[in-house]
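# Structure assessment
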Amino acid sequence: MTERKWYHDSYRRNLIDMHIPDWDPAFFSQIDPKDYVAKLKTANVDTAYIYTTSCVGLCNFPTKVGKMHEGLHGRDIIREITDGCREVGIRPVLYINFWSKWAYDTYPEWRSIAPDGRVSGDYMFGQPGRYGMCCLNSPYGEYFRSLVRELMAGYETDGLWIDMILWRTLCTCPHCRRRFLEETGHELPDTIDMGDPVFVQYLRKREEWVLEFFESIQAIVHAKNPDAAVVCNSTYYPSAVLGMSLDYAQSTEYITGDSNLGPERSFEAKFFNNVTRNHPFEFLCSVMDPQLSEHSMLKTEDHMLQLMTSCLAHNGRNGFIDAIDPSGTLNPAVYEHMRRVCEVTDRYIPFLEPGMEMCADVAIYTNFSNVTSPSDDGKPLHDPWRSDSNTATRNAAARMVEHNIPFDVITPLQLHRLSDFRTIVLPDAYVLEDAEIAALRAYVENGGTLYASGRCAICDNLGGKDPAGRLRDVLGVTITGETSEKLTYIRPEDGTDILPGYTASHPLSCRSFQTLVEASADTKVLGRLTLPWVHPEDTTKFASAISNPPGRHMDNPSLCIHPYGKGTVIYSAAPIENLTGRDHSALFARILHRLTGEDLAFTSDAPHPVEIVVYRQKESGNYVINLTNSLLPVLTLPDITLRVRIPEPIKSLYTAPDRRGVPYTREGDYIRITLPRMHVFEMIIAEV
């Protein structure tokens, strides 16, 4: 059994942002560590992440390496806060921020430099002058490690929470140029091209450098305290700019990141749950509405409950983020607010286990290799670009929540588990490595079903490119190109029922490219490509002044179904899972039901703001059925019916935490439940 660590049982975490400069003597002039700790106690916090530095770069402790905040006048508030926390039973974990505007201003030669020559103070978040980033390959890397050594020598802590060891640009500073040349023999590339081994090697090196740097910090911490939990804010941004990798995500003790309520939260929660090295994962969310950029307007208690319970529903742990006033004071209303919310969520804690297993029939497959978009290939490095194919992955999750389809999000770490799922969803995954190709091919050959879309598997992860698609034998189509039109249509093939309500004359519009493909002899075409009368970018003529009607019927397949071995594949030339229209969502759901079948782990008539997550507890074997309502403002929803697969005899079925019995009917391996109403969250326990 896994050794139980403090983070397994920490449900009330708190981080107080202290990004305060010192140009005004009033800043931090009223800071009171005793009041700070008292506020945390009011909120019933069990773990406090305590700022030793911020993105400003000033130290909130006496330092011989960096610059201490002038407003503290040498006072060691970190000592006072950590000691105070321990006295009242709150676990102190030190926080340190990798960004440093002070170092950026003081040592210009340490700065990260974007491909266009700009430095972060010129452009970050559209607020010039506010933020500054230095490069970890410059002497700043050793400066940062020296700060960590000071902290570990000076304070007893249960962990180190590091913020943002991630790039904010494709750094081309002299230190990166020199290191890349020394390690590869190549100059830095100047063009984006996933088919260029040097460009891909540049991406991989940046990932290696981030991981190596983080591991060097872990070594410093563990040399002093082997049991300390060293974590880094790993907010999932699948972009080449940030340089995250699966190894980096796995290196942190548990994965943590900022998260707000929205359609991406379900994807992020499931992704985090399957990527974290140790469970549970962590979400931190601002108490301010809508996010950290607001300083004084609080989220409603219902909104905070939504955030906390949606995290608990995925078996994660949640924390609050507040922001200190420049003077150093805290708003007491925030902590009363947090206390009331925690009093509600605390009641669910006895029903949670760190290692519960999700019940899901469909898995979205994602990796860290799809970090650009093929449409970016050929652009100079200095062009603004943040696109990535993982957008389709996240939107696929939103579509499945909308249609109550039980799903999980898996990565290369779960390749051995593909057969646990009836259907794998592969959205526009243009980069797949050899091991992934082999596993997916074997999965379908042995009877699995696969949905794939777009530019599937045209690149490997080393810079090799096969424009026809490395999975073409499995998909049953060979890619020959891509439409230049970003508005296309899918017209149903005669005799198919995949697009009810649409015809050849009035096909389904897709505000997306489509791949141009040729179908193999044993592939059945369900729909074909139609283009607008006039190319949408041609401003010299049009077929309709307002819209771009369909007019050019092409022979290229758009939707295909293909048998492979014992399995079945449906391929879409357009990533329809990435499109937000009602009928795109319905088509995607229809495809998944056709592949997966109707006897899913659960079905429901719950409206799309409600997400359902079902877990099986490892220790007891009991089932946990969670329903979260993301509708804002929160409205009570009536009469939700659930049909859940629980083949074992049920000893007791009740709501948590009040243990109120829930009536149900048995239908073979399923039970049917009707909830007369739900507000923010419902948890139902089935004891078997």
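To be clear, the structure that these remarks concern was listed above.
Residues numbered from 1 in each chain as written. Predicted model: local features only at pLDDT ≥ 70, side-chain atom pairs only at ≥ 80, totals over all residues. Heavy atoms only, no water.

## Points about the overall build of the chain
Check the secondary structure of the chain and you find 15 helices and 29 strands. Each of the three principal axes of the chain carries a C-alpha extent, and together these read 80 × 65 × 50 Å. Within the chain, counting contacts between residues at least 6 apart in sequence, those at least 24 apart form 76% of the total. Here the chain displays about 25900 Å² of accessible surface, and carbon together with sulfur accounts for 50% of that area. Of the side chains in the chain, 67 bear a positive and 90 a negative charge, and the two mean positions are spaced by 2 Å. (Helix = DSSP H or I, 4+ residues; strand = E, 2+ residues; numbered from the N terminus. Contact = heavy atoms within 4.5 Å. Areas by Shrake-Rupley, 256 points an atom, 1.4 Å probe, with all protein chains shown as cover. Lys, Arg positive; Asp, Glu negative; His and termini not counted. Charge placed at Lys NZ, Arg CZ, Asp CG, Glu CD.)

## Quick notes on the packing of aromatic side chains
Overall, the coordinates contain 32 aromatic pairs when judged by the stated rule. Aromatic side chains Phe 98 and Tyr 140 sit 5.3 Å apart centroid to centroid with 75° between the ring planes, which places their arrangement in the edge-to-face category. Here Phe 98, found in the loop between strand E3 (91-97) and helix H3 (101-106), pairs with Tyr 140, found in helix H5 (residues 140-154); they are 42 residues apart in sequence, far enough to count as distant. With relative accessibility at 1%, the residue Tyr 140 sits in the buried group. Their ring planes at 40° and their centres at 6.0 Å tell us that Trp 99 and Phe 125 sit as a pair that is tilted. Of this pair, Trp 99 sits in the loop between E3 and H3 while Phe 125 sits in the loop between helix H4 (120-123) and H5, and the two are 26 residues apart along the sequence. The partly exposed category is assigned to Phe 125, whose relative accessible area is 46%. These aromatic residues form a ring-pair network of at least three members: Phe 98, Trp 102, Tyr 107, Trp 110, Tyr 140, Tyr 143, Phe 144 and Phe 213. The residue whose ring lies beneath Arg 111 is Tyr 104, and the NZ or CZ to ring-centre distance is 3.9 Å. One cation-aromatic arrangement involves Arg 643 over Tyr 670; the distance from NZ or CZ to the ring centre is 4.0 Å. (Phe/Tyr/Trp six-rings, centres within 6.5 Å; stacked < 30°, edge-to-face > 60°. Buried < 20%, exposed > 50% of the residue type's maximum accessible area, 1.4 Å probe, protein only. Lys NZ or Arg CZ within 6 Å of the ring centre and 35° of its normal.)

## Description of the pattern of salt bridges
Scanning all chains against the criterion turns up 46 salt bridges. A salt bridge links Lys 101 to Asp 105; the nearest nitrogen and oxygen atoms lie 3.0 Å apart. Here Lys 101 and its partner Asp 105 are both found in helix H3, 4 residues apart, which amounts to about one turn of the helix. Note on Lys 101: relative accessible area 16%, which makes it buried. The salt bridge involving Arg 594 is made with Asp 497; its shortest N-O contact spans 3.8 Å. Taken as a pair, Arg 594 in helix H15 (residues 582-596) and Asp 497 in the loop between strand E15 (488-492) and strand E16 (508-510) lie far apart in primary sequence, 97 residues in all. The exposure class assigned to Arg 594 is partly exposed, which follows from its relative accessible area of 40%. Through salt bridges that share partners, Arg 179, Glu 183, Lys 205, Glu 208 and Glu 212 make up one connected network. (Salt bridge = Lys/Arg side-chain N within 4 Å of Asp/Glu carboxyl O.)

## Quick look at the sheet that holds strand E12 (residues 423-426)
Read across the open sheet, the 9 strands follow the order E11-E10-E12-E13-E20-E19-E18-E15-E16; overall the sheet is mixed. A single partner strand is all that each edge strand has here, and the edge strands are strand E11 (407-410) and E16. Shown here is a sheet whose adjacent strand axes are inclined to one another by a mean of 25°, direction ignored. (Pairing = 2+ DSSP bridges. Axes fitted to C-alpha atoms, helices over the stretch in contact; angles between N-to-C directions.)

## Regarding the environment of Lys 566
Topologically, Lys 566 is positioned in the loop between strand E19 (550-564) and strand E20 (567-572). When the C-alpha positions of Lys 566 and Arg 455 are compared, they lie 24 Å apart, and in sequence the two are 111 residues distant. Each residue touching Lys 566, except ones within four places of it in the same chain, is listed here: Val 444, Glu 445, Asn 446 and Gly 447.

## A few points about the pairing of E3
Along E3, 6 of the 7 residues are buried, which leaves the element largely enclosed by surrounding structure. Bridging between E3 and strand E4 (residues 159-163) involves 4 bridges; their strand directions are parallel. Across the sheet, residue Tyr 95 finds its bridge partner in E4, namely Trp 161.

## Quick word on the nonpolar core
Ranked by size, the top nonpolar core spans 209 residues in total, and within it Ile 162, Ile 165, Ile 424, Leu 426 and Leu 471 carry the most contacts. In terms of residue count, helix H7 (residues 197-224) provides more of this core than any other element does, 12 residues in total. Not counting chain neighbours up to four residues away, the residues in contact with Ile 424 comprise Ala 363, Tyr 365, Ile 410, Leu 418, Leu 440, Tyr 443, Thr 449, Leu 450 and Tyr 451. One finds Val 610, Tyr 623, Leu 637 and Ile 673 within the second-largest nonpolar core, a separate group that totals 23 residues. (Core = buried A, V, L, I, M, F, W, Y, C linked by side-chain atoms within 4.5 Å.)

## Looking at the pairing of strand E8 (residues 317-323)
With 6 of 7 residues buried, E8 lies mostly within the body of the structure. Relative to E8, strand E1 (residues 13-17) runs parallel, the two sharing 5 bridges. Bridging across to E8, Asn 14 finds its partner in Phe 320. In this sheet, E8 lies alongside strand E7 (residues 282-286) in parallel orientation, the contact comprising 5 bridges. Across the sheet, residue Leu 284 finds its bridge partner in E8, namely Gly 319. Taken together, E7, helix H10 (residues 301-313) and E8 constitute a β-α-β crossover, and its handedness is right-handed. (Right-handed = clockwise from strand over helix to strand, strands pointing away.)

## Quick look at the packing of helix H1 (residues 33-42) against helix H2 (residues 77-87)
The contact between H1 and H2 brings their axes to 9 Å, and the two run at 35°. At the point where H1 passes H2, the crossing takes the right-handed sense. Within the contact between the two elements, H1 uses Pro 33, Tyr 36, Val 37 and Leu 40 and H2 uses Ile 77, Glu 80, Ile 81, Gly 84 and Cys 85. Of the residues contributing to the contact of H1 with H2, the split by class is 7 nonpolar, 1 polar and 1 charged. (Left-handed = near helix turned anticlockwise from the far one by under 90°. Nonpolar A, V, L, I, M, F, W, Y, C, P; charged D, E, K, R; others polar.)

## As for H2
Buried within H2 we find Ile 77, Ile 78, Ile 81, Thr 82, Gly 84 and Cys 85. Taken end-on, H2 shows its buried residues confined to a sector of 160°, consistent with a single buried face. Contact partners of the buried residues in H2: H1, strand E2 (47-51) and E3. Backbone nitrogen of Ile 78 and a side-chain oxygen of the N-cap are separated by 3.3 Å at the start of H2; the cap is Asp 76. Phi turns positive, to about 85°, at Gly 89, one or two residues after H2. (Arc of directions from axis to C-beta. Polar contact = N/O pair within 3.5 Å; in protein donor to acceptor, adjacent residues only side chain to side chain.)

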